[in-house]
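Descriptive structure summary
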Amino acid sequence: MRRTAEELNKMRKAGKVVAEMHEATRAAIRPGVTTMQLNEVAAEVIAKRGARSNFLNYHGFPAVICTSPNDMIVHGIPGDYVLREGDIISVDCGAIVEGYHGDAAYTAGVGEISHLAARLIEVTERSMWAGIEQLYKGNRLHEVGRAVQNVAEAAGFSVVREYVGHAIGTAMHESPQVPNYWPGSPGPTLKEGMVFAVEPMVNVGSVDTFVLDDGWGVMTQDGQLSAHFEHTIAVTSNGPEVFTVA
Ligand code: MG
Ligand code: MG
């Protein structure tokens, strides 16, 4: 759906709060910190900015961010997991301002990380930007997924299929979905005022996943690393405008 200029302004504000959650949690990442502590840092930003959390109580989710270390792909519940030197940690943050949603994620290394982990993070972020570049008026939505998939697979990695990006606005997850791969049929034509969350999840090994007994944490079946990047972006007359940046 297309948003008015006034709606887009509210989404810009929500995006700024999410960007601040990214900055604050990134600054807190170090060996010895728990994922619950990262959640507290993010919750402080939401409170300070007078925003609301779109993650908390979402289908019963108990926190304001998702924290997914190493072979966890997405949706990890913050808790007593202690970050260790060499880990990678995916942090997904969201906020609501004046009824409008922002949603964005990043993966960071904890201290010194392996060459492979660093390459996975670099490629996943680059695949997201390749997808974002496709968000211009008159293009077709499936080009996002095609661009993401090309970057990830050229590097020898694989793109998760079961979890995808989405339109966003007055709800966090709106239609249509934004797959990170060629979906088999063309997507809708992009128009000014449409807003999407582009969020590739890229695995070192196979695409297969499973969900933990807590009903949330999504893991790689083969135990290999996974990374996740996400921004909230509007299609504008000047091309893509990323809302979830500082
Ligand atoms: Mg997200
Ligand atoms: Mg999302």
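In this text, all values refer to a predicted model and were calculated from it rather than measured experimentally. Every chain is numbered independently, its residues counted from 1 as its sequence is written. Chains carry letters from A onward and ligands carry numbers from 1 onward, assigned in written order. Where local features are concerned, this predicted model is filtered to residues with pLDDT of at least 70; where side-chain atom pairs are given and counted, the filter is 80 or more; whole-chain, interface and lining totals use all residues. The basis for every side-chain value is the complete set of heavy atoms in the structure, and neither hydrogens nor water enter the calculation.

Attention now moves to the sheet that holds strand 1 (residues 65-69). Note on pairing: two strands pair once DSSP finds at least 2 bridges between them. Runs of E in the DSSP output that reach at least two residues are strands. Runs of H or I that reach at least four are helices, and both are numbered from the N terminus. The sheet built from three strands is open, its strands ordered 1-3-4 with antiparallel pairing. Two strands lie at the open edges of the sheet, namely strand 1 and strand 4 (100-109), each paired on one side alone. Mean inter-strand twist for the sheet, computed between neighbouring axes without regard to direction, equals 10°. Where strand 1 lies against strand 3 (residues 88-97), five bridges are found, and the strand directions are antiparallel. Pairing of C66 across the sheet is with D92, part of strand 3. Residues count as neighbours in contact if any of their non-hydrogen atoms are within 4.5 Å of one another. Comment: axis = line fitted to C-alpha atoms, over the contacting stretch for helices; angle = value between 0 and 180 degrees taken between N-to-C directions. Running over the sheet, helix 1 (residues 5-28) touches strand 1, strand 3 and strand 4 and is turned about 25° from strand 4.

Looking now at the layout of surface pockets. With a 1 Å grid laid over protein atoms only, a set of points is called a cavity when a 1.4 Å probe fits there but cannot get out and a pocket when it is open yet has protein on both sides within 12 Å along at least five of seven lines; lining residues have an atom within 4 Å of a point. Grid points are joined across faces, edges and corners, and a volume is the space filled by probe spheres set on the points. The space that makes up the largest pocket amounts to roughly 410 Å³. Forming the boundary of the largest pocket are 23 residues, of which Y58, H75, H166, H173 and E199 lie nearest the centre. At the level of secondary structure, the elements contributing two or more residues to the lining of the largest pocket comprise strand 6 (165-167) and strand 7 (174-178). Across the lining of the largest pocket, the residue classes tally to ten nonpolar, seven polar and six charged. Roughly 170 Å³ of internal volume is contained in the second largest pocket. Secondary-structure elements contributing two or more residues to the lining of the second largest pocket are helix 1, strand 4 and helix 3 (115-132). Sorting elements by how many residues they give to the lining of the second largest pocket places helix 1 first, with four residues. Lys, Arg, Asp and Glu make up the charged group, whereas Ala, Val, Leu, Ile, Met, Phe, Trp, Tyr, Cys and Pro make up the nonpolar group; the residues left over, Gly among them, are polar.

Attention now moves to the coordination of the magnesium ion (ligand 1). Those protein atoms acting as donors to the magnesium ion (ligand 1) are D92 (OD), D92 (OD), D103 (OD) and E230 (OE), and they sit at 2.0 to 2.4 Å. The donor set comprises N, O and S atoms within 2.8 Å of the metal, extended to 3.2 Å for Na, K and Ca; water molecules are omitted, so apparent gaps in a site may simply reflect that omission. All donors of the magnesium ion (ligand 1) belong to a single chain; written as a sequence motif, their spacing is D-x10-D-x126-E.

Let's shift gears to the coordination of the magnesium ion (ligand 2). Every protein donor of the magnesium ion (ligand 2) is listed here as D103 (OD), H166 (NE2), E199 (OE) and E230 (OE), and their distances to the metal cover 2.1 to 2.2 Å. The sequence motif formed by the donor residues of the magnesium ion (ligand 2) is D-x62-H-x32-E-x30-E.

This part covers the confidence of the model for the chain. With 100% of its residues at a pLDDT of 70 or more, the chain has an overall mean of 98. What pLDDT reports is the predictor's confidence in each residue, on a scale of 0 through 100. Strand 12 (residues 226-228) holds the highest mean pLDDT among the elements of the chain, 99, whereas strand 7 holds the lowest, 97.

This part takes up the nonpolar core. We define a nonpolar core as any set of buried Ala, Val, Leu, Ile, Met, Phe, Trp, Tyr and Cys residues linked to one another through side-chain atoms lying within 4.5 Å. Only protein chains enter the accessibility calculation, which uses a 1.4 Å probe; a residue whose area is less than 20% of its type maximum is buried, one above 50% is exposed, and one in between is partly exposed. Counting residues in hydrophobic clusters, the biggest one holds 57 residues, and the most contacted among them are M21, I29, L38, I65, V91, L135 and F196. Sorting the residues of this core by element identifies helix 1, helix 2 (35-48), strand 3, strand 4, helix 3, helix 4 (142-154), strand 8 (195-198) and strand 13 (231-236) as the ones contributing at least two each. If near-sequence neighbours (up to four positions away) are discounted, L135 is found in contact with L141, V144, L190, F196, V198, I233, V235, G239 and P240. If you look at the next biggest cluster of nonpolar residues, it comprises seven residues, including L8, M11, I168 and V195.

The subject of this paragraph is the packing of helix 3 against helix 4. Two numbers describe how helix 3 lies on helix 4: the axes approach to 7 Å, and their chain directions differ by 155°. The orientation of helix 3 relative to helix 4 falls into the category roughly antiparallel. Two packed elements cross with a definite hand, and for helix 3 against helix 4 that hand is right-handed. Packed against helix 3, whose contacting residues are V123, R126, S127, A130 and G131, the element helix 4 presents V144, A147, V148, V151 and A152 at the interface. Considered class by class, the residues forming the contact of helix 3 with helix 4 number seven nonpolar, two polar and one charged. In what follows, roughly perpendicular refers to angles from 65 to 115 degrees, roughly parallel to angles under 35, roughly antiparallel to angles over 145, and oblique to any angle outside these ranges. Should the near helix be turned anticlockwise from the far one by less than a right angle, the crossing is termed left-handed; should it be turned clockwise, right-handed.

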